[in-house]
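# Structural features, examined
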Amino acid sequence: MRKPLVALTIAAAAVPMLFGVASLPRPGDDAAPAHAHATALYIEGGARATGADNLVTGVLLNYRALDTFGEVMVIFAALAAVMAVLTPAAPGSGDGPGAGGPAGAQVSPVVAYVVRLTAPFIALFGAFVIFKGHVSPGGGFQGGVVLGALLMLLSVVMGRGPRTPLIPAAAARWLQAAAPMTFAAVALLGLGLTGSLLGFPADPGMAWARELMIIALELGIAIGVAAAILGVFLGMRGD
Amino acid sequence: MAGLWQNIDYAAFVALFGIGLYIIIAKQNLIKKLLGLNIMETAVFAFVVTSGMADGGTAPILGPDTTGPFASPLTHALILTAIVVALSITALALCLIIEIYRHCGTIEADELKRAA
């Protein structure tokens, strides 16, 4: 008797949605509202105004930089909440990790060797994604996730316990706060240069400044995201 | 329902949304519920990104020798933000599930309800 009720609930949610999407403009239609208004302006003058050929980065870090500021605060708040929720496993309780290998499991030497072999290339790719994010697909969040995954891999295979973490705890705290701090710094810089928070200088001769501010934001986001992902992973592992 | 046939990809995202909703309602395992939530999120992301698509359009990356039409950068940027928020939700929910398991020894919703 539970199943029909579930089916009824889903139908009640899905049928109005189907009626709704049936009346939307065709995807890809040039006249759709998604291509009018702000989007048209972004494509028209976005590359000149933001210092980023990649318009997605331009919208993210210039036109909607305050949204992105909020977004990095969300990551930071999530990390803080994770650290508050996860109490470290009581020392001496038999199943606690860190006693033997990392997470209590022995890593195969083949896996450890291959991870060490590929680590520099993964780091290079991550850096490429971060620093070319304003002219090609990529950016701070994507590159930061690549770097964070690399740090997770390394902390699994390097066999270090909670006593000697990959990044010293004092440095890790600052790195985890890197994204909000970079945003605050660039916001104040924009306030000084243009008189508005996160304002980018509009002068055509200042293109280098716009590009530099975008790269600084990308780098800060990447470091913050990588450190936050590693922090969540280590917290879940029980370090 | 000619409009629905023309927007068949939107209808597919509604189906994906329904699958996620079904998992959230019908499954008892908390991790499966979280997976269902992620499937619903993915449906919304795909819906918004698809609405920014342009016929024959390319990625909105300008350069010396690129010509339009371009997909809408606005929808992409919005969804980039949404993906990061979804990631934060997933991380926090997983940690809460880990704590629930440590305290109660189970992550099945019905068993938790019976024990309470």
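Rules used in this analysis
Residues numbered from 1 in each chain as written. Chains lettered and ligands numbered in written order. Predicted model: local features only at pLDDT ≥ 70, side-chain atom pairs only at ≥ 80, totals over all residues. Helix = DSSP H or I, 4+ residues; strand = E, 2+ residues; numbered from the N terminus. Contact = placed C-beta atoms within 7 Å. Nonpolar A, V, L, I, M, F, W, Y, C, P; charged D, E, K, R; others polar. Core = buried A, V, L, I, M, F, W, Y, C linked by C-beta atoms within 7 Å. Buried ≥ 20, exposed ≤ 12 C-beta atoms within 10 Å, placed from the backbone. pLDDT = per-residue confidence, 0-100. Expected span 1.5 Å × (residues − 1). Axes fitted to C-alpha atoms, helices over the stretch in contact; angles between N-to-C directions. Parallel < 35°, antiparallel > 145°, perpendicular 65-115°, else oblique. Left-handed = near helix turned anticlockwise from the far one by under 90°.

Position of Val84(B) among the secondary structure elements: in helix H4 (residues 73-104). Each residue touching Val84(B), except ones within four places of it in the same chain, is listed here: Glu71(A), Ile75(A) and Phe141(A).

It is worth spelling out the interface of chain B and chain A at this point. With 46 residues of chain B in contact, the opposing surface of chain A contributes 45 residues. Put simply, the parts of the chain that give the side of chain B that touches chain A at least two residues each are helix H1 (2-6), helix H2 (8-26), helix H3 (30-51) and H4 of chain B. For the side of chain B that touches chain A, the element with the highest residue contribution is H4(B), accounting for 17 residues. When grouped by side-chain class, the residues that make up the side of chain B that touches chain A number 30 nonpolar, 13 polar and three charged.

On to the environment of Leu86(A), then. As for its position among the elements, Leu86(A) is in the loop between helix H4 (65-85) and helix H5 (109-131). Here Leu86(A) is in contact with Gly235(A), Met236(A), Cys95(B), Ile98(B) and Glu99(B), once residues within four sequence places are set aside.

This paragraph deals with the nonpolar core. Among the nonpolar cores identified, the biggest contains 61 residues, and Leu55(A), Val59(A), Ile75(A), Ala222(A), Val225(A) and Ala226(A) are the most heavily contacted of them. Those elements giving two or more residues to this core turn out to be helix H2 (38-50), helix H3 (55-63), H4, H5, helix H6 (140-157), helix H8 (178-194) and helix H9 (207-237) of chain A together with H4 of chain B. When neighbours within four sequence positions are excluded, Ile75(A) is seen to be in contact with Ala179(A), Gly224(A), Val225(A), Ala228(A), Val84(B) and Ser88(B). Counting eight residues, the second largest nonpolar core, distinct from the first, contains Val21(A), Tyr10(B), Leu21(B) and Phe47(B).

Residues and elements named next belong to chain B. Per-residue pLDDT for chain B has a mean of 88; in total, 99% of the residues score no lower than 70. Here H1 is the element of chain B with the lowest mean pLDDT, 78, and H3 is the one with the highest, 94. Scoring of the predicted complex yields 0.84 for pTM and 0.85 for ipTM.

Turning to H4(B), a few remarks are in order. Given a rise of 1.5 Å per residue, 32 residues ought to cover 46 Å, and the 46 Å separating the end C-alpha atoms of H4(B) matches this to within 8%. Among the structural elements, H2, H3, H4, H6 and H9 of chain A together with H3 of chain B are those in contact with the buried residues of H4(B). Phi turns positive, to about 75°, at Gly105(B), one or two residues after H4(B).

Moving on: the packing of H8(A) against H9(A). All names here are of chain A. Taken N-terminus to C-terminus, the directions of H8 and H9 make an angle of 160°; their axes are 7 Å apart at the nearest point. Here H9 runs roughly antiparallel to H8, going by the angle between their axes. Seen along the crossing, H8 lies across H9 with a hand that is left-handed. Of H9, the residues touching H8 (which contributes Ala178, Ala179, Thr182, Phe183 and Val186) are Met213, Ala216, Leu217, Gly220, Ile221, Ile223, Gly224, Val225 and Ala227. Residues of the contact of H8 with H9, tallied by class, amount to eleven nonpolar, three polar and no charged.

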